[in-house]
Amino acid sequence: MSSKISRVVLAYSGGLDTSVILKWLEDQYGCEVITFTADLGQGEEVEPARAKAEALGVKQIYIEDLRETFVRDYVFPMFRANTIYEGEYLLGTSIARPLIARRMVEIAEETGADAIAHGATGKGNDQVRFELGAYALKPGIRVIAPWREWDLNSRERLMAYAEQHNIPVDYKKQGTKSPYSMDANLLHISYEGGPLEDPWTEAEEDMWRWSVSPEAAPDESETLTIGFEKGDPVSINGQRLSAAELLAKLNERGGAHGVGRLDIVENRYVGMKSRGCYETPGGTILLKARRALESITLDREAAHLKDELMPRYASLIYNGYWWSPERRMLQAAIDDTQGVVNGEVRLRLYKGNVIVAGRRSEDTLFDNAIATFEDDAGAYDQKDAEGFIRLNALRLRIAASRNRKPI
């Protein structure tokens, strides 16, 4: 097996797991390792990964700032569907994986690599997301998943391997490492493992990194006005911002008011239930704002159909099918509705809440002349409602006349 792999592209963070994987790949497969580190706005410097890779003898090191691409081409298209998985999760980890998979495949093609490798475990969703994406983009690519091959299945064994092979690792001193498995990007930060493995145990307050607790949030609300063009946010309080800048700003303001905390037990694609905590301040604000704007700009049946399609769309992203034909088909239908989603939404942030205070659009379907409780000057004939109701009741009346009465 090892003779068939001469070069492999590794998704590399510079942490314990991927540093061990780097050396393990060299030993197990006798191959050259090319590292790829993506800056998706995780809030930590990615350049130290270069020094760590160099210290481990890596000759080809890719470190790329993909923040704008991530938000513009992945997060915003997903948000056009108002996507939420299982009624709560905003898919912060899920939506980052197709971009990483795409760049790994592209780098493999650029460098003539035979395979890609990732540090996802055999229990999680990420292994599926990385590999489905890779195979969709390059059918013949080899994928190496060390967690499914080696016996280094505990932190203690990983540390021992690192010691044995002189691998520099951060947090080597006991007690300096977070007990949680965390993943962060511009959309969210997630926490799993450690004390959270007991669903009854409440998350400790010092676990949260992006937000204050609602109890500790300011006693005064903050008002934001978000501008949208064709379904995507483009400005805050009249200031136009790039996609990444806008989401980062909303993360900052939302976190300051305790917005976006979530504690859920979700159903993983591999079959198990998993408890996770998430901070998604900017995403929480955006979804509230989008729905408010769509409420006045979208036709009723188009909006309802979008809501029916959304759970399927969410499952496709959660399960790793971003590059599938069915996701692209749904995306085309969703995007077709967004040409009229233009305007502004005014929101108030207050102690964990996002409160819609106003919405307006040149493309509004809200007609006050018809909706008013005052004199509508004949815009709506209330007598029409009688026939409407009688026709809609016809099947119910026929069934009742045949003694098929409701239970």
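Note that this is a predicted model, so its numbers are computed, not measured.

Draft legend 1. Looking closely at the overall build of the chain. Of the regular secondary structure elements, the chain holds 13 helices and 14 strands. Looking at the 407 residues of the chain, the share that counts as buried comes to 48%. Partitioning the intrachain contacts of the chain with sequence separation of at least 6 by distance along the chain shows that 73% fall at a separation of at least 24. Roughly 21000 Å² of accessible area belongs to the chain as shown, and the carbon and sulfur atoms make up 49% of that amount. Across the chain, the 51 positively charged side chains and the 63 negatively charged ones have centroids separated by 4 Å.

Draft legend 2. Region of interest: the packing of helix H4 (residues 97-111) against helix H5 (residues 126-137). Packing of H4 against H5 brings their axes to within 8 Å, and their N-to-C directions diverge by 45°. Relative to H5, H4 is oriented oblique. Where H4 crosses over H5, the two elements pack in a sense that is right-handed. Of the residues in H5, those in contact with Arg97, Ile100, Ala101, Arg102 and Val105 of H4 are Asp126, Arg129, Phe130, Gly133, Ala134 and Leu137. Partitioning the contact of H4 with H5 into residue classes produces 6 nonpolar, 1 polar and 4 charged.

Draft legend 3. Structural detail: unusual backbone geometry. One non-glycine residue, lysine 230, adopts positive backbone phi at about 50°. With respect to the helices, strands and loops of the structure, lysine 230 is situated in the loop between strand E8 (222-229) and strand E9 (232-236).

Draft legend 4. The sheet that holds strand E10 (residues 239-240), seen in detail. The 5 strands are arranged E10-E9-E8-E13-E14 in an open sheet whose pairing can be described as antiparallel. The two strands at the open ends of the sheet, each matched to only one other strand, are E10 and strand E14 (353-360). As judged from the 4 bridges shared by E8 and E9, these two strands associate in the antiparallel manner. Residue pairing in the sheet places phenylalanine 228 in a bridge with proline 233 of E9. Contacting E8, E9 and strand E13 (343-350), helix H7 (residues 243-256) runs over the sheet at an angle of about 65° to E9. Packing against the sheet, helix H8 (residues 281-297) makes contact with E8, E9, E13 and E14, and its axis sits at approximately 30° to E14.

Draft legend 5. Just the environment of serine 315, in detail. Among the secondary structure elements, serine 315 is positioned in helix H9 (residues 300-319). On the basis of relative accessibility, which here comes to 25%, the residue serine 315 falls in the partly exposed class. When the C-alpha atoms of serine 315 and arginine 327 are compared, they prove to be 9.9 Å apart, with 12 residues separating the residues in sequence.

Draft legend 6. Seen up close, the packing of helix H3 (residues 67-79) against H7. The N-to-C vectors of H3 and H7 enclose an angle of 85°; their axes lie 7 Å apart at closest approach. Comparing their axes, H7 and H3 come out roughly perpendicular. Between H3, through Arg67, Glu68, Val71, Arg72 and Phe76, and H7, the contact on the second element is made entirely by Ala243, Ala244, Glu245 and Leu247.

Thresholds, definitions, all that
Residues numbered from 1 in each chain as written. Predicted model: local features only at pLDDT ≥ 70, side-chain atom pairs only at ≥ 80, totals over all residues. Heavy atoms only, no water. Helix = DSSP H or I, 4+ residues; strand = E, 2+ residues; numbered from the N terminus. Buried < 20%, exposed > 50% of the residue type's maximum accessible area, 1.4 Å probe, protein only. Contact = heavy atoms within 4.5 Å. Areas by Shrake-Rupley, 256 points an atom, 1.4 Å probe, with all protein chains shown as cover. Lys, Arg positive; Asp, Glu negative; His and termini not counted. Charge placed at Lys NZ, Arg CZ, Asp CG, Glu CD. Axes fitted to C-alpha atoms, helices over the stretch in contact; angles between N-to-C directions. Parallel < 35°, antiparallel > 145°, perpendicular 65-115°, else oblique. Left-handed = near helix turned anticlockwise from the far one by under 90°. Nonpolar A, V, L, I, M, F, W, Y, C, P; charged D, E, K, R; others polar. Pairing = 2+ DSSP bridges.

Treat this as a map of the structure, not an account of what it does.
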